[in-house]
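# Chains, contacts and geometry: an overview
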Amino acid sequence: MLAPLIQILLFSLLNSGSTMAGLVKSESEDFIDWWQHTVFYQIYPRSFKDSNGDGIGDLRGITSKLPYLADTGIRATWLSPIFQSPMVDFGYDISDYKQIQPEYGTMQDFDELIDTAYELGIKVILDFVPNHSSDQHEWFKKSAAREPGYEDFYVWEDGIVQENGTRVPPNNWPSVFYGSAWEWHEGRQQYYLHQFTKEQPDLNFRNPKVVQAMDDVILFWLNKGVAGFRIDAVNHLFEDESLRDEPLSGKSTDPLSYEYTKHIYSRDLPEVLEMVQHWRKLLEDFSAKHPEKPTRIMMTEAYAGLTQLSDYYEDANGVRGSHLPFNFHFITDVKGDSDARDYVYNVEKWLIYMPRGHAANWVMGNHDNPRVASRFGSASVDAMNMLLMTLPGVAVTYNGEELGMEDYRDISWQDTVDPPARNVGEEHYKEVSRDPVRTPFQWSNEKNAGFSSAPKTWLPVHPNYLELNLEAQKAAHKSHYQVYKDLIELRKSAIMRLGRFNIEPISRWVFAFKRSYPNFETIITIINVSDKEQLVNLTEFLNRPKKLVVEVSGVNSNYQPGDSIPVEATGLNLPPKSGYVLSERSSTVMSDNVPVFSEQRRALVKQLVKSANVILVALLVYNLWRHKWTKVNFNQHRL
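Throughout, residues of each chain are indexed from 1 in the direction in which the sequence is written. This being a predicted model, a pLDDT of at least 70 is required before a residue's local features are given, and a value of 80 or more before pairs of side-chain atoms are given or counted; all residues contribute to the totals for chains, interfaces and linings. Values shown for side chains rest on all heavy atoms present in the structure; no hydrogens or waters enter the calculation.

### Points about the overall build of the protein
Each helix and strand counted, the protein has 20 helices and 23 strands in total. Expressed as a percentage of its 639 residues, the buried residues of the protein come to 56%. Carbon and sulfur atoms form 52% of the exposed surface of the protein, whose accessible area is close to 27,900 Å². Working definition: helices are DSSP H or I runs of at least four residues, strands are E runs of at least two. Numbering for both runs from the N terminus. Buried, partly exposed and exposed residues are distinguished by accessible area as a fraction of the type maximum, computed with a 1.4 Å probe on protein chains only: under 20%, between the cut-offs, and over 50%, respectively. Note on areas: these come from Shrake-Rupley sampling with a 1.4 Å probe, and a residue is covered only by the protein chains present in the view.

### Quick word on the sheet that holds strand 14 (residues 361–363)
A pair of strands is considered paired only if DSSP assigns at least 2 bridges between the two. The eight strands lie next to each other as 13-12-11-5-2-1-15-14, forming an open sheet whose pairing is parallel. Each edge of the open sheet carries a strand with a single partner, namely strand 13 (324–325) and strand 14. Relative to strand 5 (residues 123–128), strand 2 (residues 76–79) runs parallel, the two sharing four bridges. Paired with A76 across the bridge in strand 5 is K123. We call two residues contacting when some pair of their heavy atoms lies within 4.5 Å. Where helices are involved, their axes are fitted lines through C-alpha atoms of the stretch in contact, as for all axes, and angles between N-to-C directions lie from 0 to 180°. Seen against the sheet, helix 4 (residues 59–72) touches strand 1 (39–43) and strand 2 and runs at an angle of roughly 150° to strand 1. Sitting on the sheet, helix 7 (residues 208–223) touches strand 5 and strand 11 (228–231), and the angle it makes with strand 5 is about 160°.

### Quick notes on helix 4
To estimate the expected span of a helix, subtract one from its residue number and multiply by 1.5 Å. With 14 residues, helix 4 should cover 20 Å at 1.5 Å per step; its first-to-last C-alpha distance of 20 Å lies within 8% of that length. We define the bend at each residue as the angle formed by axes fitted to the 7 residues ending at it and the 7 residues starting at it. The principal kink in helix 4, of about 40°, is found at K65, preceding the proline P67 by one to four residues. Among the residues of helix 4, L59, G61, I62, T63, L66, Y68, L69, A70 and T72 are the ones counted as buried. Note on helix 4: the residue one or two positions beyond its end, G73, has a positive phi of about 110°.

### Some remarks on the environment of T261
Note that T261 resides in the loop between strand 11 and helix 8 (270–289). Given the relative accessible area of 3%, T261 is considered buried. Between the C-alpha atoms of T261 and S249, which are 12 residues apart in sequence, the distance is 4.7 Å. Setting aside anything within four residues of it in sequence, one finds T261 in contact with N172, P174, E246, P247, L248 and S249. Of note is the side chain of T261, whose polar atom sits 3.0 Å from the side chain of E246. A 3.5 Å cut-off defines polar contacts: any pair of N or O atoms within that distance qualifies, except that in protein one atom must be a possible hydrogen donor and the other a possible acceptor, and neighbouring residues in sequence count only when both atoms are side-chain atoms.

### Looking at the pairing of strand 10 (residues 190–193)
Neither face of strand 10 is open: one carries Q190 and Y192, the other Y191 and L193, and all of them are buried. Relative to strand 10, strand 6 (residues 156–157) runs antiparallel, the two being bridged by two bridges. Among the inter-strand pairings, W156 is bridged to a residue of strand 10, identified as Y192. What sits between the antiparallel neighbours strand 9 (residues 182–185) and strand 10 is a turn of four residues, in which Q189 has the positive phi angle 60°.

### Re the pairing of strand 9
Pairing between strand 9 and strand 10: four bridges, direction antiparallel. Paired with W184 across the two strands is Y191, which belongs to strand 10.

### Brief notes about the nonpolar core
Residues belong to one nonpolar core when they are buried, are Ala, Val, Leu, Ile, Met, Phe, Trp, Tyr or Cys, and are joined through side-chain atoms within 4.5 Å. Counting 123 residues, the largest nonpolar core has L126, F205, F229, W279, L387 and F511 as the members making the most contacts within it. When sequence neighbours within four positions are dropped, the list of residues in contact with L126 reads L79, I82, F83, F110, W221, V226, G228, F229 and R230. Grouped together as the second largest cluster of nonpolar side chains are 17 residues, A227, I297, A359 and V396 included.

### Brief notes about the packing of helix 13 (residues 381–390) against helix 17 (residues 480–490)
Running from N to C, helix 13 and helix 17 cross one another at 15°; their axes reach a closest spacing of 10 Å. Relative to helix 17, helix 13 is oriented roughly parallel. Considering how the two elements wind past one another, helix 13 and helix 17 form a crossing that is right-handed. Judged by residue contacts, V381, D382, N385, M386, M389 and T390 of helix 13 engage H480, V483, Y484, L487, I488 and L490 from helix 17. Amino acid classes used here: Ala, Val, Leu, Ile, Met, Phe, Trp, Tyr, Cys and Pro are nonpolar; Asp, Glu, Lys and Arg are charged; the rest, including Gly, are polar. Across the contact of helix 13 with helix 17, the residue classes tally to eight nonpolar, three polar and one charged. Every angle not falling under 35 degrees, over 145, or within 65 to 115 is termed oblique; those three ranges are roughly parallel, roughly antiparallel and roughly perpendicular. When the near helix sits turned anticlockwise from the far one by under a right angle, the crossing is termed left-handed; a clockwise turn instead gives a right-handed crossing.

### Section: unusual backbone geometry
The backbone of M87 sits at a positive phi, close to 70°, despite the residue not being glycine. Positionally, M87 belongs in the loop between strand 3 (83–84) and strand 4 (96–100). M87 sits in the buried class, given a relative accessible area of 10%. Unusually for a residue other than glycine, N519 sits at a positive phi of about 70°. Within the secondary structure, N519 sits in the loop between strand 17 (510–516) and strand 18 (522–528).

### A few points about the side chain of N361
Structurally, the position occupied by N361 is in strand 14. By relative accessible area, N361 is classed as buried at 0%. Among the polar contacts made by the side chain of N361, one reaches the main-chain carbonyl oxygen of P325 at a distance of 2.9 Å. A distance of 2.9 Å separates a polar side-chain atom of N361 from the backbone nitrogen of N327. If we ignore the near neighbours within four places in the chain, the residues touching N361 are Y313, L324, P325, F326, N327, W350 and V394.

### Brief notes about the packing of aromatic side chains
Paired rings are identified among Phe, Tyr and Trp, the last through its six-membered ring, by centres lying within 6.5 Å, and are further divided according to the angle between planes into stacked (under 30 degrees), edge-to-face (over 60) and tilted (the rest). Tallying each qualifying case throughout the model produces 39 aromatic pairs. Where W78 meets F326, the ring centres are 5.6 Å apart and the plane angle is 50°; that geometry is what we call tilted. Taken together, the positions of W78 in strand 2 and F326 in the loop between strand 13 and helix 10 (329–332) put the pair 248 residues apart, joining distant regions of the chain. Classification of W78 as buried rests on a relative accessible area of 1%. By the criterion adopted, a ring carries a charge over it if an Arg CZ or a Lys NZ lies within 6 Å of its centre and within 35 degrees of its normal. Residue placement shows R422 over the ring face of W413; its charged tip is 3.8 Å from the ring centre.

### What to know about the pattern of salt bridges
Put simply, a salt bridge is a Lys or Arg side-chain nitrogen that is within 4 Å of an Asp or Glu carboxyl oxygen. Tallied over the full model, the rule gives 29 salt bridges. R320 serves as the salt-bridge partner of E314, at 3.6 Å between the closest nitrogen and oxygen. We classify E314 as partly exposed; its relative accessible area is 21%. Residue R320 is classed as partly exposed on the basis of its relative accessible area, which comes to 35%.

### Describing the confidence of the model for the protein
Per-residue confidence from the predictor is reported as pLDDT, a score between 0 and 100. The predicted model of the protein has a mean per-residue pLDDT of 90, with 86% of residues at 70 or higher. Below pLDDT 50 for its whole length, residues 587–594 participates in 15 contacts with residues either more than four positions away or in separate chains. Note on residues 629–639: pLDDT under 50 across the span, and zero contacts to partners over four residues away in sequence or across chains.

### A word on the environment of K514
You can see K514 is positioned in strand 17. For K514, a relative accessible area of 16% gives the class buried. In sequence terms K514 and T525 are 11 residues apart; their C-alpha atoms lie 6.3 Å from each other. In this view, K514 contacts R500, F501, N502, T522, I523, I524, F541, L542 and N543; residues no more than four positions away in its chain are not counted.

Following this line, the structure appears as structure tokens:
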């Protein structure tokens, strides 16, 4: 009699709806590798935390704040460049790829950062800048001096001598940072290519010695314990061997502007993909030799077309390249005045072009582009984070976006340090400066926002730090940070890792998408991108009316997590620039006041798992006992 009762109880436990199905699921049972559904948190080291009072962020400062990342739920962080550099472009001009920039600390500081991150369960990704070095790098000095083995480490060319005897650059290529992409070197008596500042000469990746040197750099840091690399400006690695003039774009009449030409010979050449695939193999070989450690990965930065980016994932022959070719469409293709159709289109086109079997990724902001609160408006912060965090795949957050930090556009010309801004001059610097996006992290309302004790910081702190800071948001009843943290907690669910995805525009200004997974309640994200309240009817999107329960709501919402929202013909009111994450309930097994993924529910599920395990053991013992008893009786009968 005991066995049938236990079996019935087990069957009811395992088949009684979404809450019970969770009992047999765990975060490690869905065969997703660590990087395929994580949140990568980008740290701009110079602005994150200063530990020694010099006004500049550093490695020890980052290490001191890693517990903050862990408490938030972050499990992977990407550090913008920390290598030795003259700091012309603040770390993207590297003079030694195997040394730490002294302003940021020492190699011992880096080792301690890695150890602390490991203890907290956080993986560290480094920014890798292979396209160019600093002109202060030993490689460049040796190449300029034509030392054997280094003559062709960089792209050198004689230029063109005009009829009047004047020597001019080899072609019409402009620099990304304004001006010609060629600089005359008096010592070598040749021009060298620099697609960024003149202090950042381009390396020659057609030279196998350069490739080997960069492989050595990658292996050096992998052996230091990093989990992978974000590769900067990867689509600039190769140039046309003939150095042909590029056709004019028609977008600018200024030959020194980067918009002057179509970059068909200086960017996105086929050889780039081959190099990305080479590095993928290097990483896979390293991972195979160290199976006890996490998979080493590569993320790539390339502002390129969809077809090219999809090839970065995997080419037509099935050869894999970048684990995560960065998806910048929420930065480049969606604006503050975009409507719901624009959002839906940009989500779907990425998923359509991405080869099957790969992880999508969504980048909402970075150190080169205006912050979310400044692009879309401060009221949109929660809605944009809901979008970022509930889409399938990887989310990339730039430090400070979890608080809704804003650009500081009133930085004076005297305090401006960004190279492109300095290049265009005082009259136009505000139009192109990236400094407003890079101001120090706002930890508290103390001096310098708690970032530094220095009399002056490397960039001014945004004056709004007195109200907008982490300490205040932690203490508030409701805040952007708390919403962000709730979203990370929600992402732990199997439905967010594995659930099927469907997105639709509900109206011109409202779009919704849902994640569904067998035996789990459907999760719905609904967002209003207009500056007016919108009344929407979800019955068609949901197929049939059901009760909706709030999982995550924004700071300006009238609903709290756990509140029920009836789905009626009258519809749902969405405040301006707001969103909700909802669960579609089919039963009332759990209290209406407990959201699906709350801590209380998780605790209950854990207790039920323990109970189920006890029952399973009891059933096993009982079956063994009964089998033994039957065998004894049978043997006695034979005797």
